[in-house]
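Here is how the chains run, residue by residue.
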Amino acid sequence: MHSASLLVSDINIEADLERVNRSVIEQMVDAFSNQDIDSIMNLFSDDAIYHDMVGSGEQGNSYLGKREIKSHFLENFKMLPQHHYEDAIVLVSGNQAYANWTLVIEGRSEASPSLRVRGCDYFELEEGKVKLKTAWIKNQRGMMLSLAIMRLRSFFDRLFSKN
């Protein structure tokens, strides 16, 4: 009987851990959708590692520690026009999590419709904080080209609206 109660206890501990970790990842998806850098960074451990979806090498560009990660995310928020995430699916197993989502980059006009791309993140967590985040996105080249076109259109709209 003792071993059965220990097994139930272990299952309850694992379920509690997964509830906490699911909440952390769901909060992160929401914070990214709102470009809320303070909320995002509160979810990372001080010694976290972020492997970006772009960059050279097997892992893409890597950022070590909260300072580097925050600086990179702020740069991305400046580059991206208004955007949010939809259709997020979060899967958790112990201290590992996976989030699959659709990034929606808002169009600035009828000539520049919204862009939608699928992506995902893999996370490793410890004590309710993200220690590792690795990101992937579909159609990187198409997304970068669309963003460049959106920025050019926005630039010319501002340039010609002043006259």
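This text goes with the structure placed above it.
Below you will find a few notes about this structure. Treat the numbers as computed from the prediction; the structure is a model and nothing was measured. Note that residues are indexed from 1 along each chain, following the sequence as it is written. Local features in this predicted model are restricted to residues whose pLDDT is 70 or higher, and side-chain atom pairs enter the listing and the counts only when it is 80 or higher, whereas totals over whole chains, interfaces and linings include all residues. Side-chain descriptors were evaluated using all non-hydrogen atoms of the structure, hydrogens and water having been removed beforehand.

## Some thoughts on helix α3 (residues 65–79)
How we decide: Helical segments are the DSSP runs of H or I of at least four residues, strand segments are the runs of E of at least two, and each set is numbered from the N terminus. The span one expects for a helix is its residue count, reduced by one, times 1.5 Å. Only protein chains enter the accessibility calculation, which uses a 1.4 Å probe; a residue is then buried when its area is under 20% of its type maximum, exposed when over 50%, and partly exposed in between. Picture the helix axis, draw a direction to every C-beta atom, and the arc is the one those directions span.
With 15 residues, α3 extends 22 Å between its outermost C-alpha atoms, agreeing within 8% with the 21 Å of an ideal straight helix rising 1.5 Å per residue. Among the residues of α3, those classed as buried are Gly65, Ile69, His72, Phe73 and Phe77. Looking down the long axis of α3, one finds its buried residues gathered within 140 degrees of arc, a one-sided arrangement. The outward face of α3, more than 90 degrees from its buried face, is lined by the exposed residues Arg67 and Lys78.

## Quick word on the packing of aromatic side chains
Worth spelling out the cut-off: Pairing of aromatic rings covers Phe, Tyr and Trp, the last through its six-membered ring, and needs centres within 6.5 Å; plane angles under 30 degrees mean stacked, over 60 mean edge-to-face, and all others mean tilted. As a reminder, the over-ring test applies to NZ of lysine and CZ of arginine, requiring each to be within 6 Å of the ring centre and within 35 degrees of the ring normal.
Applying the stated criterion to the full structure yields six aromatic pairs. Aromatic side chains phenylalanine 32 and phenylalanine 73 sit 5.0 Å apart centroid to centroid with 80 degrees between the ring planes, which places their arrangement in the edge-to-face category. With phenylalanine 32 in helix α1 (residues 2–33) and phenylalanine 73 in helix α3, the pair connects residues that are 41 residues apart, well separated along the chain. Across the pair, phenylalanine 73 and phenylalanine 32 agree in class, each one buried. Between tyrosine 85 and tryptophan 101, the aromatic rings sit 5.1 Å apart at their centres with planes inclined by 85 degrees, giving edge-to-face as the arrangement. Taken together, the residues tyrosine 85 in strand β3 (residues 83–93) and tryptophan 101 in strand β4 (residues 96–105) connect sequence positions 16 residues apart. In this structure tryptophan 101 comes out as buried when scored by relative accessible area, which is 3%. Site record: aromatic cluster; members linked through ring pairs are Phe32, Phe44, Tyr50, Tyr63, Phe73 and Phe77. In this arrangement the basic side chain of lysine 133 is found over the ring face of phenylalanine 32, its NZ or CZ atom lying 5.1 Å from the centre.

## A few points about unusual backbone geometry
In this structure, aspartate 87 is a non-glycine residue whose phi angle is positive, near 55 degrees. Assignment of secondary structure puts aspartate 87 in strand β3. Taking relative accessible area as the criterion, aspartate 87 reaches 49% and is therefore assigned partly exposed. The phi dihedral of glutamate 127 falls on the positive side, at around 50 degrees, and the residue is not glycine. Along the chain, the position of glutamate 127 falls in the loop between β5 (115–126) and β6 (129–137).

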